[in-house]
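# Coordinate inspection notes
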Amino acid sequence: FEFLKDKILREAREREVEESGLPMPPPNPKMQTKDPVLEMADLPQRFGQVVIGPAGTGKSTYCKAMRDYLTAMGRTVAIINMDPGNEHVPYDCEVDVMELVSMVEVMQTLGLGPNGAIMFCMEYLEKNLDWLWEKIKHVRAQYLLFDFPGQIELYVNHESCHNLFRKIVDDWDIRLCATQLLDSSHCKTASDYLACMCIGMISMVQTELPCLNFLTKFDIVKANEAKNQSLFHPYDTYLNLETVEHLLPDIDKEIGALKDTRRFFTKIVENIKEMALLRFHAFSIFSPRLMENAMRLADKAVAYISEEDYNQMRRESGLDNSRFIDEKAKYMKMNVTERRDYYKNWAASRTEMGPRTDPDPEFKADDVAERTDPDPDLDN
């Protein structure tokens, strides 16, 4: 709580000067801070994933495996531990929210249970986002992985995480996607799987971010298949959801063929298929091909561009460094409507310059279809 203590002392000193009637001392030029928006605009474009999902789905394991994979690909990656109750993380994190607030200390001090304490911690973090920004802006990595707690209510009916996501995207200019992990063991029963579908849809609406849904530990599903304990339906039923209505007879066997129950689940399936927003992807940290698929999906969701390409874009923009930063800062201060108009004007100016020549004449659409296969053969 040292950060909060310093903030209170600073505000007390300012009030004391105001009450005394004495003029405020002139600011020291060496101590003057930069406009925070200009400071953010001066940083290279950053990207990241907020890793969410129920407890036990492998969020921390995913962050460690994805950082190792992206690092091997030549990227600079940092993990930010956003779970104030995770004392034993399997990775070295550059920022740890437990330095600000600890769930165990909150439970002991306020007498709260685990769920109440974690909600208090996230609300406390929301009130002290300056602390988080001071930590993140000194992290020299372009790609950030935010490891969030496993309490599902934080993403279903609580606002703190939603407000934090908007702050990171809108004010800190970090392009994010939500990576939601769900355990593939829930595919064994139709009722559990349909519950996962509901959780996925609600979280996608609540986060207001591009959302990727993964069924983790898919290697265990393959291992069980070798033991004649395979799933009751083909993989596409659980991943593409095109034939998900085939699960409805299984629900009748699990919880009884009650008329109201069947109508309820049928309506859920019809609505999810009609909106066509939800899709699951297989994931396993032991499959390099599934790791590559997860990386490509996340890159597409955040429109990833490497730091070298970003610096090249700055040089080709025709603006010197200070004007480029000013333009970016002006864009960051705009609301959603102003940003849309700004982008339309920029796109129109690019169109007037003539069509862009294809940098890769050997490029073929079939190659993309092969490389971005969302559900690769798990046998490999």
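Owing to the predicted nature of the structure, the values given are computational and were not obtained by experimental measurement. (Residues numbered from 1 in each chain as written. Predicted model: local features only at pLDDT ≥ 70, side-chain atom pairs only at ≥ 80, totals over all residues. Heavy atoms only, no water.)

## A few points about the pairing of strand β1 (residues 46–52)
The condition is simple: Think of it in three bands: residues with accessible area under 20% of the maximum for their type are buried, residues over 50% are exposed, and the middle band is partly exposed, with areas taken using a 1.4 Å probe on protein chains only. Numbering of helices and strands runs from the N terminus; a helix is a DSSP stretch of H or I covering at least four residues, while a strand is a stretch of E covering at least two. Between any two strands, at least two bridges found by DSSP are needed for them to pair.
Across the seven residues that make up β1, a large majority, seven, are buried. The side-chain alternation of β1 yields two buried faces, one formed by Arg46, Gly48, Val50 and Ile52 and the other by Phe47, Gln49 and Val51. In this sheet, strand β5 (residues 174–183) lies alongside β1 in parallel orientation, the contact comprising seven bridges. Within the sheet, the bridge partner assigned to Phe47 lies in β5 and is Arg175. Looking at chain direction, β1 and strand β4 (residues 143–147) are connected through five bridges and run parallel. By the bridge assignment, Phe47 is partnered in β4 with Tyr143.

## Regarding the nonpolar core
Most often, soluble globular proteins have nonpolar side chains that are buried together. To keep things clear, this is the line we draw: Take the buried residues of types Ala, Val, Leu, Ile, Met, Phe, Trp, Tyr and Cys, join any two whose side-chain atoms come within 4.5 Å, and each joined set is a nonpolar core. Residue contacts follow a heavy-atom distance rule, with two residues in contact if any of their heavy atoms lie within 4.5 Å.
Counting residues in hydrophobic clusters, the biggest one holds 67 residues, and the most contacted among them are Leu132, Leu144, Phe146, Phe148, Tyr193, Met197 and Phe280. Here the element with the most residues in this core is helix α9 (residues 190–207); it accounts for seven residues. If near-sequence neighbours (up to four positions away) are discounted, Tyr193 is found in contact with His186, Cys187, Thr237, Tyr238, Leu239, Leu241, Val244, Leu247 and Phe280. Counting 24 residues, the second largest nonpolar core, distinct from the first, contains Val51, Cys63, Met295 and Leu297.

## As for the side chain of Arg67
With respect to the element layout, Arg67 can be found in helix α3 (residues 59–72). Among all residues touching Arg67, those that are not within four sequence positions of it are Val77, Ile79, Tyr91, Asp92, Glu94 and Leu145.

## Focus: α9
Side chains of residues three or four places apart in an α-helix project in the same direction, reflecting 3.6 residues per turn. To be explicit about the condition: A helix's residues, less one, multiplied by 1.5 Å, set its expected span.
Taking 1.5 Å per residue as the helical rise, α9 with its 18 residues ought to reach 26 Å, and the 26 Å between its terminal C-alpha atoms agrees with that figure. Residues of α9 that are buried: Ala190, Ser191, Tyr193, Leu194, Cys196, Met197, Gly200, Met201, Ser203, Met204 and Thr207. In the stretch just after α9, Glu208 is the one whose phi turns positive, near 55 degrees.

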